[in-house]
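Given next are the chains, with one letter for each unit.
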Amino acid sequence: MNGFHIDPHTLMPGSIMQHLVSASLQCLAMMAFQGYVFTMLLLVCALKHSGTLSMDTDQSLESRMASTGGGRVKRGWVWNQFFVVEEYTGTEPLYVGKIHSDSDEGDSSIKYTISGEGAGTIFIINELTGDIHATERLDREHKTFYTLRAQARDRETNNLLEPESEFVIKVQDINDSEPKFMQVPYIGSIPELSPIGTSVMQVTASDADDPMYGSSARVVYSVLDGEQHFSVDSKTGVIRTAVGNLDREFQDRYEVVIRATDMAGQMGGLSGSTTVTIVITDVNDSPPRFPQKMYQFSIAESAPIGTLIGTVKAEDLDLGENTDMMYQIQEEEGTNMFKVTTDGNSQEAIISIQKPLNFEAKKVHTVVVEALNKFVDPRFVDLGTFRDQTIVMVSVTDVDEPPEFQAPGEVMEVQEDARVGTVVGVITALDPDAANKPVRYAIDRSSDVERIFDINASTGAITTGKTLDRETTGWHNITVLAQEADDELKVSRTTLRIRILDVNDNPPELATPYEASVCEDAVPGQLIQTISVVDRDEPQGGHQFYFTLSPEVSGNRHFTLLDIKDTTASVHTQRVAFNRREQDLYILPILVRDGGTPALSSTGTLTIRVCECDSAGAIQSCNTTAYVMSAALSPGALIALLVCVLILIVLILLILSLKRHHKGNLSLEDDEDMRDNVIKYNDEGGGEQDTEAYDMSALRSLYDFSEIKGSDGGGGSGVESGGNGGVATELHSLPQWFQNPDLDFSMFREYISKKVGQADEDLSVPPYDSFQTYAFEGSTSPAESLSSINSCSTSSEQDFSYLNSWGPRFRPLAVLYTGHRGQEDSEAS
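Here the structure is a predicted model, which is why all the values come from computation and not from measurement.

*Asks:* Go over the overall build of the protein with me, naming the residues and quoting the values.
*Replies:* Across its full length, the protein carries 11 helices and 41 strands. The buried share of the protein, reckoned over its 829 residues, is 36%. The long-range fraction of contacts in the protein, counting pairs at least 24 apart against all pairs at least 6 apart in sequence, stands at 66%. About 48,100 Å² of surface is accessible on the protein, with carbon and sulfur atoms providing 53% of the total.

Given below as structure tokens:
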């Protein structure tokens, strides 16, 4: 059987053959873990050295052996996996290998061709000899192998002499790629003072070479720069601290150069490097420290509480919250004259006044301010105390101050019956300065507008200026001024509270005008009313009242008064029954006396009505005379009545005024300039088109309709004629023209003629002035004229039968008018 074979000894140059054999052996070693491939490669290498390798692509070796009875059969194609070294830099095409058919007798009758990846471009074949060459520089990192197909054809017929077979050209790796760090830039961090060997971060470099071929892709790591502070694991790339005293305050970042070398770091290996930035983070290892041991400030003694004296700040080399501190103050005197607070943003100590300063009492204050960290790391406590102190000297400067009031009693008191000029109390103010200038006193009259009190300008004695009344004003708050005698600008103020003490100067009175009711069949001892009293006075021992009936009724046999001794009293019946017809109203005077000194009293009345009650004692009816009188005499009722009468009068006057105004508008003078629009109606309907119709009110006002009111059209009286009088009244109330054959319209004609003449003579009158006639509705209207001007005949003279010819819509109107006429005719007959 024919076949292809490759003879590397005879078809390859010596150096190339040796190189490929060596490459094949290396490939064999790399793929030893694959069982069947390992066996095949051993067979390939053995056949290469022996000169021939056969492989049949159509059937397996076992099947061919079975078909020939177990004997060795010559393969049709002789193949091996070709190897091409990458990055070949020669000037000539690189020889790859040779394919040969067993049927090739060397007479050039067979043509060899290839197809597949790179065929004809990267790889070319000699059609006569079957030699394959690579024409381009190959890169294993770009493509590791190429799969092609080989054909042997008859040159004349182009028929396949051998079945098409597939073979592989593998690109053999060389160490041409250096390691590269892919995740740049590298930035790591570690707390300061971390122990030796603390992991910082890990770096990783990759090599594009074949990791299965030699050590080209085997990378090791090392430190090029920064090895005195950091180290790196050669295999894993983990960076660790090499020292344990990294101090952020000394240096807060490091630039470490890490190198990665392939070939396991052997001589001739390629390498790449990267820079790793390692940031040293802060820990609270630095205590606060004041830059100065003493600070000096000065403040005026007149500065109010809360005034800022100054600020001090302790320095902390740490960062962030490790610099947060708080301040506290320690005064040597322990008087707490000053206060310190911490500014959260600037971390400054703000010193302010907490109590009033006094230059005369103390000129210099010594304050100790202490700063301490808020958050202390217990790991660094042994480094020392995390607090510091400084001394603050506060000098108080003298100021010319206004007088100072000596604290008077909380409240001054005076009785309400004190005479004018009575001394209420004395207030004192002194000049706090060393000069001790005299002080003058005055009352701020805005706080005592009524001038109830006066003050002695020299002594400060406060006296009453008017009669007092506790019941009107029980308390007075006045403002007293104290100023230096020679400097009115130095003024101090204080507020005094003066309480007016009560004296018994108001008698007790009944709480309300009491009214009670009693049934006619009331039994003796029945409770009628409980009364109480009010007293404007407020004795210190409380109120005590005594109730009795007035002496003039002390002997009455109808009612009794019982003093309950708790500021109230009760009224009870004394007789068996009452008769409403004999007496329906009782007035019971009651005398009330207080327990003051001197005792005061007053008399009030209790009104008792006798009423009719049912068997259960419920009141059914009482005499309402007293109620009516009371309601009539009530001030509220009188006021309401007067308001109603006043509103009624105002409405009447308003109506009269409106009527007079309306009548004035209807009046018209002869010399009034009226623009008469004469509109000729040539169309039927009018309505919305008559927007500029003549105003007939001016003509109506010229005629005295009072004559119509007094007549019935025939000269008789409206009252006497009965029905005609009603018609006259109706015509007078309606705004329409009265139809009367006896009326004279000559005055209208004269008025209109006069106006037309005036318009003709006036050159300023616009040319569109016109005269409006009411002679007829329209020349084409079957209704002819409907104007009231020409309607001087009575209704009996008009014939409305033509309305029947207007159509169905006007038939009801025709019926009404014709029926109305017939009725009038019958009445006339």
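*Asks:* Can you tell me about the sheet that holds strand 2 (residues 94–98), naming the residues and giving the values?
*Replies:* Strands sit in the order 2-5-4 across an open sheet of three strands; the sheet is antiparallel. The outermost strands of the open sheet, each flanked by one partner alone, are strand 2 and strand 4 (123–125). Within the sheet, the average angular offset between the axes of one strand and its neighbour, ignoring direction, is 25°. Of the pairings in the sheet, the one linking strand 4 to strand 5 (residues 131–134) comprises three bridges and is antiparallel in character. Across the sheet, Phe-123 pairs through a bridge with Ala-134, a residue of strand 5.

*Asks:* Account for a nonpolar patch on the surface, naming residues and giving values.
*Replies:* Side chains of Leu-641, Val-645, Leu-648, Ile-649, Ile-652, Leu-653 and Leu-656 sit close together on the surface and give an oily, nonpolar patch of about 660 Å² of accessible area. Along the polypeptide, Leu-653 turns up in helix 6 (residues 635–666).

*Asks:* Outline the sheet that holds strand 23 (residues 387–397), supporting the account with residue identities and numerical values.
*Replies:* An order of 17-23-22-19 is seen for the four strands of this open sheet, with the pairing classed as mixed. Of all strands in the sheet, those bounded by a partner on one side alone are strand 17 (294–300) and strand 19 (325–331). For this sheet, the mean angle separating the axes of adjacent strands, direction not counted, is 30°.

*Asks:* How would you summarise the state of the cysteines if you had to cite specific residues and measurements?
*Replies:* Under the criterion given, the structure shown has two disulfides. Across the disulfide from Cys-519 sits Cys-613; the S-S distance is 2.0 Å. The chirality of the disulfide connecting Cys-519 with Cys-613 is left-handed, given an S-S dihedral of about -85°. Residue Cys-519 is located in strand 34 (residues 514–519), and its partner Cys-613 is located in strand 40 (residues 601–613); the two are separated by 94 residues in the primary sequence. The exposure class of Cys-519 is buried, given its relative accessible area of 9%. Taking relative accessible area as the criterion, Cys-613 reaches 17% and is therefore assigned buried. With its sulfur 1.7 Å from that of its partner, Cys-611 forms a disulfide with Cys-622. The S-S bond linking Cys-611 to Cys-622 shows a torsion near 105°; that makes this disulfide right-handed. With Cys-611 in strand 40 and Cys-622 in strand 41 (residues 619–622), this residue pair connects regions lying 11 residues apart in the sequence. Of the two residues examined, Cys-611 and Cys-622, each falls in the buried class.

*Asks:* Could you give an account of the side chain of Asp-563, with specific residues and numbers?
*Replies:* Secondary-structure assignment places Asp-563 in strand 37 (residues 559–563). Among the polar contacts listed, one links the side chain of Asp-563 to the backbone nitrogen of Phe-547, at a separation of 3.2 Å. Apart from the residues within four sequence positions on either side, Asp-563 is in contact with Phe-545, Tyr-546, Phe-547, Thr-568 and Ala-569.

*Asks:* Please provide a residue-by-residue account of unusual backbone geometry, values included.
*Replies:* As a rule of thumb, non-glycine residues mostly have phi less than zero, and peptide bonds are mostly trans rather than cis. The omega angle of the peptide bond from Val-184 to Pro-185 is -5°, so this bond is cis rather than trans. By the element assignment, Pro-185 lies in the loop between strand 8 (180–181) and strand 9 (186–191). Unlike most non-glycine residues, Arg-451 shows phi in positive territory, near 55°. Tracing the chain through its elements places Arg-451 in the loop between strand 28 (439–444) and strand 29 (453–455).

*Asks:* Outline the pattern of salt bridges, supporting the account with residue identities and numerical values.
*Replies:* Counted according to the given criterion, the structure contains 19 salt bridges. For Arg-445, the salt bridge identified is with Asp-448, shortest N-O distance 3.0 Å. Residue classification places Arg-445 among the partly exposed residues on the basis of a relative accessible area of 24%. We classify Asp-448 as buried; its relative accessible area is 4%. Residue Arg-470 is joined to Asp-502 by a salt bridge in which the shortest nitrogen-to-oxygen separation is 2.9 Å. Here Asp-502 lies in the loop between strand 32 (487–501) and strand 33 (509–510) and Arg-470 lies in the loop between strand 30 (461–464) and strand 31 (475–484), a separation of 32 residues in the sequence. Arg-470 gets classed as buried once you look at its relative accessible area, which sits at 12%.

*Asks:* Explain the side chain of Asp-448 residue by residue, including any values.
*Replies:* In this fold, Asp-448 is placed in the loop between strand 28 and strand 29. Reaching out from Asp-448, the side chain makes a polar contact with the backbone nitrogen of Ile-452 at a distance of 3.1 Å. Not counting the four nearest positions on each side in its chain, Asp-448 is found in contact with Ile-443, Phe-453 and Ile-478.

*Asks:* Residues and numbers for the packing of aromatic side chains, please.
*Replies:* On inspection of all chains with the given rule, the structure shows nine aromatic pairs. Aromatic side chains Phe-181 and Tyr-221 sit 6.3 Å apart centroid to centroid with 50° between the ring planes, which places their arrangement in the tilted category. Taken together, the residues span a long stretch of sequence, with Phe-181 in strand 8 and Tyr-221 in strand 12 (residues 220–225) at a distance of 40 residues. Taking relative accessible area as the criterion, Phe-181 reaches 9% and is therefore assigned buried. Classification of Tyr-221 as buried rests on a relative accessible area of 8%. Where Phe-230 meets Tyr-254, the ring centres are 5.7 Å apart and the plane angle is 70°; that geometry is what we call edge-to-face. With a gap of 24 residues between them, Phe-230 in strand 13 (residues 230–232) and Tyr-254 in strand 15 (residues 253–261) connect regions that are remote in the sequence. The exposure classification of Phe-230 matches that of Tyr-254, with both residues buried.

*Asks:* Can you tell me about the pairing of strand 2, naming the residues and giving the values?
*Replies:* Residues in a regular strand point their side chains to alternate faces of the sheet. When you tally the buried positions in strand 2, you get five out of five residues, the bulk of the element. Sheet analysis places strand 2 next to strand 5, joined by four bridges and oriented antiparallel. Residue Leu-94 lies in a different strand from strand 5, and its bridge partner there is Ala-134.

*Asks:* Please provide a residue-by-residue account of the confidence of the model for the protein, values included.
*Replies:* Averaged over every residue, the pLDDT of the protein is 75; the share at 70 or more is 71%. Taken as a whole, residues 789–796 scores under 50 in pLDDT and shows 12 contacts with residues more than four places along the chain or in a different chain.

*Asks:* I'd like a rundown of the environment of Thr-341, residues and numbers included.
*Replies:* The topology assignment puts Thr-341 in strand 20 (residues 338–342). Here Thr-341 falls in the partly exposed class, since its relative accessible area comes to 36%. Thr-341 sits 14 residues away from Tyr-327 along the chain, and the two C-alpha atoms are 6.8 Å apart. With sequence-adjacent residues up to four places away left out, Thr-341 is seen in contact with Glu-348, Ala-349 and Ile-350.

*Asks:* Quick one: what's the story with the environment of Gly-272, residue by residue and with numbers?
*Replies:* Structurally, Gly-272 can be placed in strand 16 (residues 271–281). Taking relative accessible area as the criterion, Gly-272 reaches 14% and is therefore assigned buried. Spatially, the C-alpha atom of Gly-272 lies 8.3 Å from that of Ala-205, the residues being 67 residues apart in sequence. Apart from the residues within four sequence positions on either side, Gly-272 is in contact with Pro-179, Phe-181, Ile-258, Arg-259 and Ala-260.

Conventions we followed
By convention here, each chain's residues receive numbers from 1 onward along its written sequence. It should be noted that, the model being predicted, local features are given only for residues of pLDDT at least 70 and side-chain atom pairs only at 80 or more, the latter also being counted only at that level, while totals for whole chains, interfaces and linings use all residues. Only hydrogens and water are set aside; all other atoms, that is, all heavy atoms of the structure, feed into the side-chain values. To qualify as a helix, a DSSP run of H or I must reach at least 4 residues; to qualify as a strand, a run of E must reach at least 2; elements of each kind are numbered from the N terminus. Burial classification: accessible surface area is computed with a 1.4 Å probe over protein chains only, and a residue below 20% of its type maximum counts as buried, one above 50% as exposed, and the rest as partly exposed. Every residue pair with non-hydrogen atoms within 4.5 Å of one another is taken to be in contact. Accessibility throughout is a Shrake-Rupley quantity obtained with a 1.4 Å probe, and a residue counts as covered only by protein chains that appear here. Whether two strands pair comes down to DSSP finding at least two bridges between them. Angular values range over 0 to 180 degrees, each being the angle between N-to-C directions of two axes fitted as lines to C-alpha atoms, with helices fitted over their stretch in contact. Only residues whose relative accessible area exceeds 30% and that form no salt bridge enter a patch; like-charged residues are grouped when within 9 Å of one another, and nonpolar side chains (Val, Leu, Ile, Met, Phe, Trp, Tyr) when within 5 Å. The term salt bridge refers to a pairing of a side-chain nitrogen on Lys or Arg with a carboxyl oxygen on Asp or Glu at a separation within 4 Å. Here, the term disulfide refers to a pair of cysteine sulfur atoms separated by no more than 2.5 Å. Whenever two N or O atoms come within 3.5 Å, that pair is a polar contact, provided that in protein one can donate a hydrogen and the other can accept it, and provided that, for residues adjacent in sequence, both atoms are side-chain atoms. Only Phe, Tyr and Trp rings are paired, with Trp represented by its six-membered ring, and only when their centres lie within 6.5 Å; those with planes under 30 degrees apart are stacked, over 60 edge-to-face, the remainder tilted. Values of pLDDT, the confidence the predictor places in each residue, fall between 0 and 100.

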